[in-house]
Amino acid sequence: MAYVENDAITVMSDEEAWDLLTREPIGRLATTIGDDIEMFPINYVLDGRTIVFRTAQGSKLFELTVNSRVAFEVDAYEDEGGWSIVVHGDAEVLEDPAEIETVEQLPLRPWVPTIKTTYVRIRPNYLSGRRFRFGDEPEAWHL
């Protein structure tokens, strides 16, 4: 059982989490193949209640085709506190020309000067968000 003093950690509503996801341009994508876990920083945009990013040929794209189950994490902090949101879902490479034409209208450009012609959509199964209030460690609590 976790001990939380003075509301140092609070659980966000889904609405608050989605709102915060619109504010940060960069997150981390976690993929798995077998026992191997990989993390990739990506820039993204929301398209409704889905996450869209662009990628090129390489390990990230390969891993998504082997196992579409992913986790996506975004966080931010200031002096007084911060927040973290984790989205669990399924990633799919977009292949339908009409859907690609639609996402090409989103404000999504490569983060680095590279050519990234493949669009990927993460369809969330669930998300969790937490806010953290920073402060000094409380005195040890013992039974």
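The present account deals with the structure reproduced in this document. Please read all numbers here as calculations on a predicted model, not as lab measurements. (Residues numbered from 1 in each chain as written. Predicted model: local features only at pLDDT ≥ 70, side-chain atom pairs only at ≥ 80, totals over all residues. Heavy atoms only, no water.)

Overview of helix α2 (residues 59-66)
Item 1. Listed as buried for α2 are K60, L61, E63 and L64. Along the axis of α2, the buried residues cluster in a sector spanning 165 degrees; they form a single face. Exposed residues lying more than 90 degrees from the buried face of α2 are F62 and T65.
Item 2. Looking at the packing, one finds that the buried side of α2 touches β2 (26-33), β3 (36-43), β5 (50-55), β6 (69-77), β7 (81-93) and β8 (118-133). (Buried < 20%, exposed > 50% of the residue type's maximum accessible area, 1.4 Å probe, protein only. Helix = DSSP H or I, 4+ residues; strand = E, 2+ residues; numbered from the N terminus. Arc of directions from axis to C-beta. Contact = heavy atoms within 4.5 Å.)

Side note on a nonpolar patch on the surface
Item 1. Taken together, the side chains of I9, Y77, F132 and F134 make up a nonpolar region of the molecular surface, amounting to roughly 440 Å² of accessible area.
Item 2. As for its placement among the helices and strands, I9 is situated in strand β1 (residues 9-11). (Patch = residues over 30% accessible without salt bridge, like charges linked within 9 Å, V, L, I, M, F, W, Y side chains within 5 Å. Areas by Shrake-Rupley, 256 points an atom, 1.4 Å probe, with all protein chains shown as cover. Salt bridge = Lys/Arg side-chain N within 4 Å of Asp/Glu carboxyl O.)

Remarks on the pattern of salt bridges
Item 1. Taken as a whole and judged by the stated rule, the model has 10 salt bridges.
Item 2. With a closest N to O distance of 2.6 Å, E16 and R131 form a salt bridge. Taken as a pair, E16 in helix α1 (residues 14-21) and R131 in strand β8 lie far apart in primary sequence, 115 residues in all.
Item 3. Across the salt bridge formed by R123 and E92, the nearest N and O atoms sit 2.4 Å from each other. Of the two residues, R123 sits in strand β8 while E92 sits in strand β7, which places them 31 residues apart along the sequence.
Item 4. You can call E92 partly exposed: its relative accessible area is 29%.

Some words on the pairing of β2
Item 1. Pairing between β2 and β3: 8 bridges, direction antiparallel. Among the inter-strand pairings, I26 is bridged to a residue of β3, identified as N43.
Item 2. Across 3 bridges, the pairing between β2 and β6 is antiparallel. Each residue of the ladder has a partner; that of R28, found in β6, is E73. (Pairing = 2+ DSSP bridges.)

Section: the nonpolar core
Item 1. Counting residues in hydrophobic clusters, the biggest one holds 24 residues, and the most contacted among them are L21, Y44, F53, F72, I85 and I122.
Item 2. When residues of this core are traced back to their parent elements, those giving at least two are α1, β3, β5, β6, β7 and β8.
Item 3. By size, the runner-up hydrophobic cluster in this structure holds 7 residues, among which are V45, V52, L94 and V103. (Core = buried A, V, L, I, M, F, W, Y, C linked by side-chain atoms within 4.5 Å.)

Observations regarding the packing of aromatic side chains
Item 1. Here the structure, examined in full by the defined rule, presents 1 aromatic pair.
Item 2. For the ring pair Y44 and F72, a centre distance of 4.9 Å and an interplane angle of 80 degrees mean the geometry is edge-to-face. Of this pair, Y44 sits in the loop between β3 and β4 (45-47) while F72 sits in strand β6, and the two are 28 residues apart along the sequence.
Item 3. We classify Y44 as buried; its relative accessible area is 5%. (Phe/Tyr/Trp six-rings, centres within 6.5 Å; stacked < 30°, edge-to-face > 60°.)

A word on the side chain of T55
Item 1. As for its position among the elements, T55 is in strand β5.
Item 2. Judged by its relative accessible area of 3%, T55 is buried.
Item 3. Excluding its chain neighbours within four sequence positions, the residues that come into contact with T55 are K60, L61, K116, T117, T118 and V120.

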